[in-house]
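Close look at the chain arrangement
Chain by chain, the residues:
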Amino acid sequence: MSGPRSSHSRRKRMLRKTLPFLVALLSLLAVLPPTRAADYPTRPVTLAVAFTPGGASDVLARILARKMEQVLGEPIVIDNRPGAGGNVAAEAVARAAPDGYTLLAGNNAILATNAALYKKIAFDAEADFAPVGLIGSQANILVVNPSVPAHSMAELIALAKANPGKLNFASSGHGLAAHLAGELFKAEAQIDIVHVPYKGAAPALQDVIAGHVQMMFATASSVVPHIQDGKLRALAVATLKRTAVFPDIPTIDELGIKNFDATSWHGLVTRAGTPQDVVATLNRALIATLEDPAVKKSLGDLGVDIIGGTPEEFAVYIKSEIPKWTAIIKASGAKLD
């Protein structure tokens, strides 16, 4: 005779038989990666850009995104999140799911200098991100107003030493690439030049052209027409290798200040903890994009020297950049809230 008790007993026996299976299944699911490269991507990927639309970083990101989405087979959506020198975008990616669906267009400010520059920062450039690959570098070029009586870097250094505290260098703001390049030059050349910060690269450059400030370290793409028109005089390139945009301009290293490297660089990262095979898929897509002739030309027009490489190489590069710029920031006394 069956009844409520026998039904209850059958359910208990069934539960005892299936419980070990359920436990084993849950254990298996717990160790499986959240996303497998074989399935990745199956939906749109977000690329966070730390600057406003239309700027050099945004244009670079959009050039990459349009080709990478063809390689990956899914759309890449640009998410502009300007603010705090790139920290706003970086913090958003640092809090994202580690599944490869949220990427960050990183640069030397976000990934190497901001930790030392800002009093409060809510991410760790090494611990919170998984490097995907280095995109390339933009040479900073030491330019002077044509009225400055110096036609070489050696003459500029001699002029500065003869007039301590009387020469000024402009920058796009405290702690940004142009400022730090100037501080590094000041320290390595052992000269006394005065920093004049501006709210952006454009007004800084205009004042150098107007002669209100004598010199500046500016990205190659921003000074190409002004050098060609004779509005600025280029003295040296702040990279270890000459830039393809101006192959005739010598590097600061060549001119005697050895190992001088104040490069503005760009790279792609995602959330730390993203499965390695997904990172590898992203890296392959990035490398294929950088090898595309149309992309090469577009980035070259922006003054970008393409680098590429593996995630591991990019991780080593970031690690080497952090202490170098931390020392320069401390020496300059720059600090931001």
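Attention here is on the structure that accompanies the text. Only a predicted model underlies this, so the values are computations on that prediction, with no experimental measurement involved.

**Notes on the pattern of salt bridges**
- One pass over the structure, following the stated rule, counts nine salt bridges.
- The residue Glu-254 makes a salt bridge to Arg-242 at a minimum N-O spacing of 2.9 Å. Linking Glu-254 in the loop between strand 9 (233-237) and strand 10 (264-271) with Arg-242 in the loop between strand 9 and strand 10, this pair joins segments that are twelve residues apart in sequence.
- Look at Arg-242 and you get partly exposed, because its relative accessible area is 38%.

**Structural notes on unusual backbone geometry**
- Geometrically, the link from Tyr-40 to Pro-41 is a cis peptide bond, its omega value of -10° lying close to zero.
- Locating Pro-41 in the fold gives a position in the loop between helix 1 (4-31) and strand 1 (45-49).
- Non-glycine residue Ala-84 carries a positive phi angle of around 55°.
- Tracing the sequence through the fold places Ala-84 in the loop between strand 2 (76-80) and helix 3 (87-94).
- Phi at Gln-190 takes a positive value of approximately 55°, unusual for a residue other than glycine.
- With a relative accessible area of 63%, Gln-190 lands in the exposed category.

**Focus: the layout of surface pockets**
- When its volume is computed, the largest pocket comes out at roughly 840 Å³.
- Contributing to the lining of the largest pocket are 36 residues, with Phe-51, Ser-57, Ser-172, Leu-176 and Ala-201 lying nearest its centre.
- Contributions of two or more residues to the lining of the largest pocket are made by helix 2 (56-72), helix 4 (108-117), helix 6 (177-189), strand 8 (215-219), helix 8 (220-228) and strand 10.
- With four residues, the single largest contributor to the lining of the largest pocket is strand 8.
- Partitioning the lining of the largest pocket into residue classes produces 16 nonpolar, 19 polar and one charged.
- Within this model, the second largest pocket holds a volume of roughly 220 Å³.
- Taken together, Ser-137, Thr-239, Leu-240, Lys-241, Arg-242, Asp-261, Thr-263, Asp-305, Ile-307 and Tyr-317 make up the full set of residues lining the second largest pocket.
- Counted by class, the lining of the second largest pocket contains three nonpolar, three polar and four charged residues.

**Some details on helix 10 (residues 293-301)**
- Capping of helix 10 at its N-terminal end is provided by Asp-292; its side-chain oxygen lies 3.1 Å from the backbone amide nitrogen of Ala-294.
- After helix 10 finishes, the residue Gly-303 shows a positive phi value of roughly 85°.

**With respect to the pairing of strand 5 (residues 140-144)**
- With five of five residues buried, strand 5 lies mostly within the body of the structure.
- As defined by bridge partners, strand 5 adjoins strand 8 across five bridges and the pair is classed as antiparallel. The partner of Ile-141 across the bridge, within strand 8, is Ala-218.
- Relative to strand 9, strand 5 is paired through four bridges, and the arrangement is antiparallel. Counterpart to Leu-142 in the pairing with strand 9 is Ala-236.

**Topic: the packing of helix 4 against helix 11 (residues 311-332)**
- For the pair helix 4 and helix 11, interaxial distance at closest approach is 8 Å and the crossing angle is 35°. As helix 4 runs across helix 11, the sense of the crossing is right-handed. Residues Leu-111, Ala-112, Thr-113, Ala-116 and Leu-117 of helix 4 lie in contact with helix 11, whose contacting residues are Phe-314, Ile-318, Glu-321, Ile-322, Trp-325, Thr-326 and Ile-329.
- Within the contact of helix 4 with helix 11, the residues separate by chemical class into nine nonpolar, two polar and one charged.

**What to know about the sheet that holds strand 3 (residues 102-107)**
- The mixed open sheet is built from six strands, whose spatial order is 2-1-3-10-4-11. The open sheet has two free edges, formed respectively by strand 2 and strand 11 (304-306), since each of these has just one partner strand. Taken over all neighbouring pairs, the strand axes of this sheet differ in orientation by 30° on average, direction set aside.
- Pairing between strand 3 and strand 10: five bridges, direction antiparallel. The partner of Leu-103 across the bridge, within strand 10, is Thr-270.

**Quick word on the nonpolar core**
- Within the largest apolar cluster, 53 residues are counted, with the highest numbers of intra-cluster contacts made by Leu-104, Leu-111, Phe-129, Leu-156 and Phe-185.
- When residues in this core are grouped by element, the largest group, six residues, is from helix 11.
- In this structure Leu-104 touches Leu-47, Ala-48, Ala-89, Ala-90, Val-93, Ile-110, Phe-129, Gly-267, Leu-268 and Val-269, once residues within four positions along its chain are discounted.

Thresholds applied
- Residues numbered from 1 in each chain as written.
- Predicted model: local features only at pLDDT ≥ 70, side-chain atom pairs only at ≥ 80, totals over all residues.
- Heavy atoms only, no water.
- Salt bridge = Lys/Arg side-chain N within 4 Å of Asp/Glu carboxyl O.
- Helix = DSSP H or I, 4+ residues; strand = E, 2+ residues; numbered from the N terminus.
- Buried < 20%, exposed > 50% of the residue type's maximum accessible area, 1.4 Å probe, protein only.
- 1 Å grid on protein atoms, 1.4 Å probe; cavity = no way out; pocket = protein on both sides within 12 Å on 5 of 7 lines; lining within 4 Å.
- Points joined across faces, edges and corners; volume = space filled by probe spheres on them.
- Nonpolar A, V, L, I, M, F, W, Y, C, P; charged D, E, K, R; others polar.
- Polar contact = N/O pair within 3.5 Å; in protein donor to acceptor, adjacent residues only side chain to side chain.
- Pairing = 2+ DSSP bridges.
- Axes fitted to C-alpha atoms, helices over the stretch in contact; angles between N-to-C directions.
- Left-handed = near helix turned anticlockwise from the far one by under 90°.
- Contact = heavy atoms within 4.5 Å.
- Core = buried A, V, L, I, M, F, W, Y, C linked by side-chain atoms within 4.5 Å.

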